[in-house]
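Chain by chain, the residues run as shown.
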Amino acid sequence: MTALVPVSRPYIWGEEKARLCEAIDAGWVSSRGPFLDQFEKRFAEKIGVGYAVATSSGTAAIHLALSVLDLQRHDEVIVPDFTMISPVLAVLACGAIPVPVDADETWNIDPDGIERAITEKTRAIVVVHTYGHPARIDRIVAIARRNKLRVVEDAAEALGARVFGRAVGSFGDLAIFSFYANKVLTTGEGGMVVTEDPRLYERLRAKRNLCFGADEETRFVHNEIGFNYRMTNLQAAMGVVQLQHLDEAIEAKIAIALEYNALLANVSGITTPPNFAWGPNVFWVYAVLVEDEFGLDRKTVQSELKRNGIETRRFFYPLHRQPIMPSAGIREAFPKSVSLSERGLYLPSFIGMGSSTIKQVAGCLTALRA
Ligand SMILES: *Cc1c(COP(=O)(O)O)cnc(C)c1O
């Protein structure tokens, strides 16, 4: 049996190996070193914020970011119902209650739903920019300011995307990114928290590294709870190279998506991904909806494509139906999130994927239409 066409595959530009060897030869193999400093500095510049703190994963990054908001038990944090689970796990780990809100036409959290979900207990809003398309973060930040709430952006799936020309990750009080192998910039495992606030930055740095005391005498006196969420200089060596090629990587993703769009535009029953002019999609993945008119449901489409050697991935499961979701946060119905979850899947869209493979996948999908 031949290998499936994968949904995703890390792209290595070439110089990663040399930088990695440099780090090893210099002896900077752990969580200090010149590549770490460089990676954080250049990443902050790329997003257009003051500070960046590299972490061991994106999940560590979102937990670290939420941990500096000092949430209390029974505090509420508004989150998307249609979301990857890491931000929700982080809210729960902080002891707070996630309050899900339904999706809008961008497949992201709906700003109007956020307004309705705010209570006296609300402390923060976590905005996830899903599958490469930004949420309406400008409106959400305005709502947050009016209600004195913090905003944390989970931009793990939308690195490089912009809203009215401004980079996602630069709108919130804090924002996080992931450099897992399937992300557009990878360090194998890794993540980043960014902020404009020097005080939050100092707390992020302390909490990333166990909250050691400030000087030799108090080094082992801990006034606050911290974590070991450090990134290594080895990961950062790879990150520095990947960051240099970020614009190219995003261009490649967009080119793949536009090719799919052209091939699938007239296939009835397939809805192509959102792409609004105010916040163009950077197509971290190429995601489509299988509508009723298609004649086969999403699950059948997935198994038929698999039979034809094509790997796909279904959409996230609605948060309000997750076994780990506390019922205290569930206050309404989530028709858009449920519909996305039932109908959505994403197709192979890895950098380096040739036109012939894109045509093969699109052709195979089109041929399934009953
Ligand atoms: C990938 C991802 C993360 C974090 O992932 P890690 O695998 O822990 O690096 C967080 N949020 C979203 C939306 C993601 O897609």
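Residues numbered from 1 in each chain as written. Predicted model: local features only at pLDDT ≥ 70, side-chain atom pairs only at ≥ 80, totals over all residues. Heavy atoms only, no water.

1. So, empty space enclosed by the protein
- Within the structure shown, the criterion is met by three cavities of 30 Å³ or more.
- Of the volumes computed, that of the largest cavity is approximately 100 Å³.
- Surrounding the largest cavity, 14 residues form its lining, R9, P10, Y11, K183 and I351 being those nearest its centre.
- By residue class, the composition of the lining of the largest cavity is six nonpolar, five polar and three charged.
- The residues that make up the lining of the largest cavity include at least three from each of domain 1 (16-244) and domain 2 (246-369). (1 Å grid on protein atoms, 1.4 Å probe; cavity = no way out; pocket = protein on both sides within 12 Å on 5 of 7 lines; lining within 4 Å. Points joined across faces, edges and corners; volume = space filled by probe spheres on them. Nonpolar A, V, L, I, M, F, W, Y, C, P; charged D, E, K, R; others polar. Domains from an automatic or database assignment.)

2. Some details on the sheet that holds strand β8 (residues 174-178)
- The mixed open sheet is built from seven strands, whose spatial order is β1-β9-β8-β5-β4-β2-β3. At either margin of the open sheet sits one strand with a lone partner, and together these are β1 (51-55) and β3 (97-101). Averaged over all neighbouring strand pairs, the angle between strand axes comes to 20°, with direction disregarded.
- The sheet contact formed by strand β2 (residues 76-80) and strand β4 (residues 122-128) spans three bridges and is parallel. (Pairing = 2+ DSSP bridges. Helix = DSSP H or I, 4+ residues; strand = E, 2+ residues; numbered from the N terminus. Axes fitted to C-alpha atoms, helices over the stretch in contact; angles between N-to-C directions.)

3. Brief notes about the nonpolar core
- Grouped together as the largest cluster of nonpolar side chains are 53 residues, with contacts concentrated most on F39, F43, F177 and M192.
- No other element matches the six residues that helix α2 (residues 34-47) contributes to this core.
- Both of domain 1 (16-244) and domain 2 (246-369) provide at least three residues apiece to this core.
- Filtering out sequence-adjacent residues up to four positions away, F43 remains in contact with L159, F177, F179, L185, M192, V194 and L243. (Core = buried A, V, L, I, M, F, W, Y, C linked by side-chain atoms within 4.5 Å. Buried < 20%, exposed > 50% of the residue type's maximum accessible area, 1.4 Å probe, protein only. Contact = heavy atoms within 4.5 Å.)

4. Some words on the pattern of salt bridges
- Summed over the entire model, instances satisfying the criterion amount to 19 salt bridges.
- R19 is paired through a salt bridge with E22; the nearest N and O atoms lie 2.8 Å apart. Here R19 and its partner E22 are both found in helix α1 (residues 16-26), three residues apart, which amounts to about one turn of the helix.
- A salt bridge links R331 to E76; the nearest nitrogen and oxygen atoms lie 2.5 Å apart. Here R331, found in the loop between β12 (313-314) and α11 (335-343), pairs with E76, found in strand β2; they are 255 residues apart in sequence, far enough to count as distant.
- Several salt bridges share partner residues, and in doing so they unite D70, R203, K207 and E224 into one network. (Salt bridge = Lys/Arg side-chain N within 4 Å of Asp/Glu carboxyl O.)

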